[in-house]
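Residues per chain are reported as follows:
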Amino acid sequence: MKKKIMMLILCVSVGAFAAGCSNTDNGGTTSSASGSSSGTASTASSASTDSSAEDDIPVVDEDLPVSDCVTLGDYKGITLERKIQQVTDEDVESFISSVLTTAVTDPDATVEEGDTVDIAYVGKIDGEEFDGGSTDSQTLVVGAGGYIDGFEDGLIGMKQDETKDLNLKFPEDYRATDVAGKDVVFTVTINAIMRPQELTDEWVQENTDYSNIDEYRQAQREQMEASNELSAENDLDSEALQAILDNAEIKQIPQSYITLGEQMYEQIYSSYASIYGVTLDEFIEQYVGQETYDEEKAAYSKQVAELALVVNAVSEQEGWSNEDEDYITRFNNRVENSGLSEEEYVEQNGQENIDLSINQDRVLDLVLENATITDVTVDADGNPV
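This structure is a prediction, so every number in the text was calculated from the model and none was measured.

Enquirer: Describe the overall build of the protein chain, listing the residues and the values that go with them.
Expert: A count of helical and extended segments in the protein chain gives 12 helices and 11 strands. Looking at the 385 residues of the protein chain, the share that counts as buried comes to 45%. Partitioning the intrachain contacts of the protein chain with sequence separation of at least 6 by distance along the chain shows that 75% fall at a separation of at least 24. Summing over all exposed atoms, the protein chain offers an accessible surface of approximately 19300 Å²; the carbon and sulfur share of this is 42%.

Written out as structure tokens, the structure is:
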């Protein structure tokens, strides 16, 4: 997940949502809160980082010139791969099946593997409910493997409105250490069972802008291919930044850069918390866990610091400033896209963060313009096909 996080670092800190900074991660830093709950049965986890290789880089209190902190390597003429995931017939049918999914009306129908179900559950450890272990409504695909062992299997055979106790155990290595390895009872109720309808020309005509099944299938394939190409571009951006970071030698990190990363991380999670209508502390307690939050914040902050140092070093070497024409054009575009006045935009994001984010974009464009890029078609696991 390291490369995905790299693309977040300066995006989020300067009004990424307003400015349209794109980043897709099926579970990276922007993973579903319910999937990273400290107590939920879900096995999904938020992005983690591996900073063990950089742990020996000293962090110093004083602010130093960038040249004292970084020795740049190659950032022009590097070789990159744009990996575009192929869209298979199975992918298309799976997507269409999800669109066709509707509630089963037969009262005697029971949950089968592959069904989509809406459930409510209450989790208890030693007879006591625990934070993040309950929900009134959660949708899952039975058999997809998103929950701890035994949870999804326990739903098979249940009817709508039926309630059942599932006696399970959290894995020893579960990411939320406060529940890892503990026995748990989930009292689960099936709110609804959902299965796909039959795809017919009549359904297509009534529910889409297409006239028959073939047209509809082709349109979905093209949309999925376009989405995969966009994902490949985002991944290429991450690869490019990672490459110049790998090629550079970081000798020391001023504490101010670490602090910048910490502020960005808090801003990311504050955005999540606001979506859920809770405070940051409440969000951490219910959906992340303080220990996990602190560990990931420290690793993320170090990555922010390292990339920010490299971005500043390239900017300095290229002789860029916040007064040249390219900077002014980029700045004005961001302000316009934000819907704010210039003063409001600067006040909301901070001039230092804005400068750093714009320079990241400039560095990225410079690297890609001078790189040798090869397109590679890959499967869902990233293997060439």
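Still to come is the rest of the account.
Enquirer: Help me get a handle on the packing of aromatic side chains, residues and values and all.
Expert: Any pair of aromatic rings gets described here by the distance separating the centres and the angle formed by the planes. A complete count under the given rule lists 22 aromatic pairs for this structure. Look at Phe-130 and Phe-170: their rings are 6.2 Å apart centre to centre, the planes differ by 80°, and that puts the pair in the edge-to-face class. Placement of the pair is Phe-130 in strand S6 (residues 128–141) and Phe-170 in the loop between strand S7 (163–169) and strand S8 (183–196), with a sequence separation of 40 residues. One exposure class covers both Phe-130 and Phe-170, and it is buried. Aromatic rings pair up to connect Tyr-265, Tyr-269, Tyr-272, Tyr-276, Phe-283, Tyr-287, Tyr-293 and Tyr-300 into one cluster.

Enquirer: Please give an account of a negative patch on the surface that cites residues and values.
Expert: A contiguous patch of negative charge on the surface is contributed by Asp-131, Asp-178, Asp-281, Glu-282, Glu-285, Glu-291, Asp-294 and Glu-295. When residues of the negative patch are traced back to their parent elements, those giving at least two are helix H8 (280–288) and helix H9 (290–318).

Enquirer: Quick rundown of the nonpolar core? Include the residues and the values.
Expert: Formed by 46 residues in total, the largest nonpolar core has its most connected members in Ile-253, Tyr-269 and Val-310. When residues of this core are traced back to their parent elements, those giving at least two are helix H3 (66–69), helix H6 (213–247), helix H7 (255–275), H8, H9 and helix H12 (351–369). At 11 residues, the largest contribution of residues to this core is made by H9. With sequence-adjacent residues up to four places away left out, Val-310 is seen in contact with Val-70, Leu-72, Ile-244, Leu-245, Ala-248 and Ile-250.

Enquirer: For the packing of helix H10 (residues 325–338) against helix H11 (residues 342–349), give the residues involved together with the corresponding values.
Expert: Running from N to C, H10 and H11 point in directions that differ by 95°, and their axes come no closer than 9 Å. With respect to H11, the axis of H10 lies roughly perpendicular. The residues of H11 that touch H10, namely those facing Phe-331, Arg-334, Val-335 and Ser-338, are Glu-342, Tyr-345 and Val-346. For the contact of H10 with H11, the class distribution of residues is four nonpolar, one polar and two charged.

Enquirer: Account for the pattern of salt bridges, with residues named and values stated.
Expert: Here the structure, examined in full by the defined rule, presents 15 salt bridges. Put simply, Lys-159 and Asp-108 hold a salt bridge, and the shortest N to O gap is 3.8 Å. With Lys-159 in the loop between S6 and S7 and Asp-108 in the loop between strand S4 (101–103) and strand S5 (116–125), the pair connects residues that are 51 residues apart, well separated along the chain. We classify Lys-159 as partly exposed; its relative accessible area is 34%.

Enquirer: How would you summarise the environment of Val-117 if you had to cite specific residues and measurements?
Expert: Within the fold, Val-117 resides in strand S5. Judged by relative accessible area, which is 0%, Val-117 ranks as buried. Separated by 78 residues in sequence, Val-117 and Arg-195 have C-alpha atoms that sit 8.7 Å apart. Beyond its immediate sequence surroundings of up to four residues, Val-117 is in contact with Val-111, Gln-138, Thr-139, Leu-140, Val-142, Leu-155, Ala-192, Ile-193 and Met-194.

Enquirer: Describe unusual backbone geometry, naming the residues involved and giving the relevant values.
Expert: One non-glycine residue with positive phi stands out, namely Asp-126, at about 55°. Note that Asp-126 resides in the loop between S5 and S6. Even without a glycine there, the phi angle at Asp-161 is positive, about 75°. Its place among the elements puts Asp-161 in the loop between S6 and S7. Look at Asp-161 and you get exposed, because its relative accessible area is 58%.

Enquirer: Mind laying out the packing of helix H4 (residues 89–100) against H6, listing which residues take part and the relevant values?
Expert: At a minimum axis separation of 10 Å, H4 and H6 run at an interaxial angle of 105°. Classed by the angle they form, the pair H4 and H6 counts as roughly perpendicular. Counting all contacts with H4, which are made through Asp-89, Asp-91, Val-92, Glu-93, Phe-95, Ile-96 and Val-99, the residues of H6 involved are Tyr-216, Arg-217, Gln-220, Arg-221 and Met-224. The residue inventory of the contact of H4 with H6, partitioned by class, reads six nonpolar, one polar and five charged.

Rules and cut-offs
- Along each chain, residues carry numbers from 1 onward, in the same order as the chain's sequence is written.
- Where local features are concerned, this predicted model is filtered to residues with pLDDT of at least 70; where side-chain atom pairs are given and counted, the filter is 80 or more; whole-chain, interface and lining totals use all residues.
- Hydrogens are left out, water is left out, and the side-chain values use all remaining heavy atoms of the structure.
- Starting at the N terminus, helices and strands are each numbered in turn, a helix being any DSSP run of H or I of at least four residues and a strand any DSSP run of E of at least two.
- Burial classes follow relative accessibility: with a 1.4 Å probe on protein chains only, a residue under 20% of its type's maximum area counts as buried, one over 50% as exposed, and anything between as partly exposed.
- Throughout, a contact is declared for two residues whenever any of their heavy atoms are within 4.5 Å.
- What sets the accessible areas is the Shrake-Rupley method with a 1.4 Å probe; for residues, cover comes only from the shown protein chains.
- Side-chain rings of Phe, Tyr and Trp, where Trp is taken by its six-membered ring, are said to pair if the distance between their centres is within 6.5 Å; with planes under 30 degrees apart they count as stacked, over 60 as edge-to-face, and otherwise as tilted.
- Each patch groups residues whose relative accessible area exceeds 30% and which form no salt bridge, using 9 Å between like charges and 5 Å between nonpolar side chains of Val, Leu, Ile, Met, Phe, Trp and Tyr.
- Any Lys or Arg side-chain nitrogen located within 4 Å of an Asp or Glu carboxyl oxygen qualifies as a salt bridge.
- Note that His is not counted, nor are the chain ends; the positive residues are Lys and Arg, and the negative ones are Asp and Glu.
- Taken as the charge centre is NZ of Lys, CZ of Arg, CG of Asp or CD of Glu, depending on the residue.
- The criterion is simple. A nonpolar core is a set of buried Ala, Val, Leu, Ile, Met, Phe, Trp, Tyr and Cys residues joined through side-chain atoms within 4.5 Å.
- An axis is simply a line fitted to the C-alpha atoms; with a helix, the fit covers only the stretch in contact. Between two such axes, the angle follows the N-to-C directions and lies from 0 to 180 degrees.
- Working definition: roughly parallel below 35 degrees, roughly antiparallel above 145 degrees, roughly perpendicular at 65 to 115 degrees, and oblique for all remaining angles.
- Note on residue categories: nonpolar means Ala, Val, Leu, Ile, Met, Phe, Trp, Tyr, Cys or Pro, charged means Asp, Glu, Lys or Arg, and polar means any other residue, Gly included.

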